Amino acid sequence: MLETISAFWGQYGSLLLAGTRDTMIMVIVSTVFAYVIGLPLGVLLNITQPHGIWPHKWLNRILGWIINIGRSLPFIILMIAIMDFTKLIVGTKIGVRGAIVPLVVSAAPFIARMVETSLAEVDAGVVEAAQSMGASRFQIVKKVFLPEALPSLILGASISIITILAYTAIAGAVGAGGLGDLAIRYGYQRRVPSMMWVTVVLIIVLVQVIQSLFSWLSTKMDKRLR
């Protein structure tokens, strides 16, 4: 058994390490850029609602439509559809760089909805108290909405990151690299089932680590549990 594991690792170990590295690069970079876009969109969605601190019917409706369209497109179709745009932005349609653009485009609307939902959980009384003290909209967002919703935002971030991780596996089908690419090329095309199962286990481990870490962070940040 040990000899078999040693032989497998000797043959595929470097590939698995490189695949894990590429997957983590795609997840981390895509998450950062997706939040740069999705977080402000989620805030705007919340504050422009009819009962929000900056009611704006048409802006809210337009943003909602854009986000719903973005969330409706299956990732692999979106990835193929915007290949020319991806090449324009990063200079290539494939590989790790080629996967980051569609990952951001696909994840940003999802994150926006997650942020909107988290902010909706903030106690309206706290917001009204801030308004009565003369706080501006920006101050309410910065000092009330975001701090009060932080535990929920952290849990939402774990869901978003895990979703992006799943998308990277799909991206492997069109040459994006990472663990998904290894599972398809070796596990399916070259008929190496052990490679398929090892990549599955590695992805499960990554998901468990991410979920556990962010659940712990959410608990630490929740003032109600102190």
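Everything discussed here concerns the structure shown above.
Residues numbered from 1 in each chain as written. Predicted model: local features only at pLDDT ≥ 70, side-chain atom pairs only at ≥ 80, totals over all residues. Heavy atoms only, no water.

Q: So what's going on with the overall build of the chain? Residues and values would help.
A: Scanning the chain from terminus to terminus reveals nine helices and zero strands. Along the chain, helices (α) and strands (β) appear in the sequence α-α-α-α-α-α-α-α-α when read from the amino end. Considering only intrachain contacts with a sequence separation of at least 6, the fraction spanning at least 24 residues in the chain is 69%. Only carbon and sulfur atoms are counted for the fraction: they give 69% of the accessible area of the chain, which is about 12,700 Å². Charge separation in the chain, taken as the distance between the mean sites of 18 positive and 10 negative side-chain charges, equals 7 Å. (Helix = DSSP H or I, 4+ residues; strand = E, 2+ residues; numbered from the N terminus. Contact = heavy atoms within 4.5 Å. Areas by Shrake-Rupley, 256 points an atom, 1.4 Å probe, with all protein chains shown as cover. Lys, Arg positive; Asp, Glu negative; His and termini not counted. Charge placed at Lys NZ, Arg CZ, Asp CG, Glu CD.)

Q: Any details on the packing of aromatic side chains? Residues and values, ideally.
A: Within a pair of aromatic rings, the relevant descriptors are the distance that separates the centres and the angle that separates the planes. In total, this model carries two aromatic pairs according to the counting rule given. Consider the rings of Tyr-12 and Tyr-186, whose centres lie 5.7 Å apart with planes at 75°: the pair is edge-to-face. Pair noted here: Tyr-12 is in helix H1 (residues 2–47) and Tyr-186 is in helix H8 (residues 178–189), with a separation of 174 residues, a long-range link. Accessibility expressed as a relative area gives 10% for Tyr-12, which makes it buried. Each ring, one from Phe-75 and one from Tyr-167, has its centre 4.8 Å from the other, and the planes form 5°; the classification is stacked. Remark: Tyr-167 occurs in helix H7 (residues 137–171) and Phe-75 occurs in helix H3 (residues 75–81); sequence separation between them is 92 residues. You can call Phe-75 buried: its relative accessible area is 4%. Taking the ring centre of Trp-58 as reference, the NZ or CZ of Lys-57 above it sits at 5.7 Å. A cation sits over an aromatic face here: Arg-61 above Trp-58, 4.9 Å from the ring centre. (Phe/Tyr/Trp six-rings, centres within 6.5 Å; stacked < 30°, edge-to-face > 60°. Buried < 20%, exposed > 50% of the residue type's maximum accessible area, 1.4 Å probe, protein only. Lys NZ or Arg CZ within 6 Å of the ring centre and 35° of its normal.)

Q: Give me the lowdown on the packing of helix H5 (residues 95–120) against H7, citing residues and values where you can.
A: Here H5 crosses H7 at 150°, and the two axes come no closer than 9 Å. When the axes of H5 and H7 are compared, the pair comes out roughly antiparallel. In this structure, the crossing between H5 and H7 has a hand that is right-handed. Considering only residue class, the contact of H5 with H7 consists of 16 nonpolar, seven polar and no charged. (Axes fitted to C-alpha atoms, helices over the stretch in contact; angles between N-to-C directions. Parallel < 35°, antiparallel > 145°, perpendicular 65-115°, else oblique. Left-handed = near helix turned anticlockwise from the far one by under 90°. Nonpolar A, V, L, I, M, F, W, Y, C, P; charged D, E, K, R; others polar.)

Q: Residues and numbers for the nonpolar core, please.
A: Ile-53, Ala-99, Val-127, Ile-140, Phe-145 and Met-195 are the most contacted members of the largest nonpolar core, which totals 45 residues. Those elements that provide at least two residues to this core are H1, H3, H5, helix H6 (124–132), H7, H8 and helix H9 (193–221). No other element matches H7, which puts twelve residues into this core. If sequence neighbours within four positions are ignored, Met-195 has contacts with Phe-8, Tyr-12, Leu-15, Leu-16, Leu-182, Tyr-186 and Gly-187. (Core = buried A, V, L, I, M, F, W, Y, C linked by side-chain atoms within 4.5 Å.)

Q: Account for the pattern of salt bridges, naming residues and giving values.
A: Counting across every chain of the model gives four salt bridges. The shortest N-O distance in the salt bridge between Arg-21 and Asp-22 comes to 3.1 Å. Classification of Asp-22 as buried rests on a relative accessible area of 16%. Lys-93 is the partner of Asp-84 in a salt bridge, and the nearest nitrogen-oxygen pair spans 3.3 Å. (Salt bridge = Lys/Arg side-chain N within 4 Å of Asp/Glu carboxyl O.)

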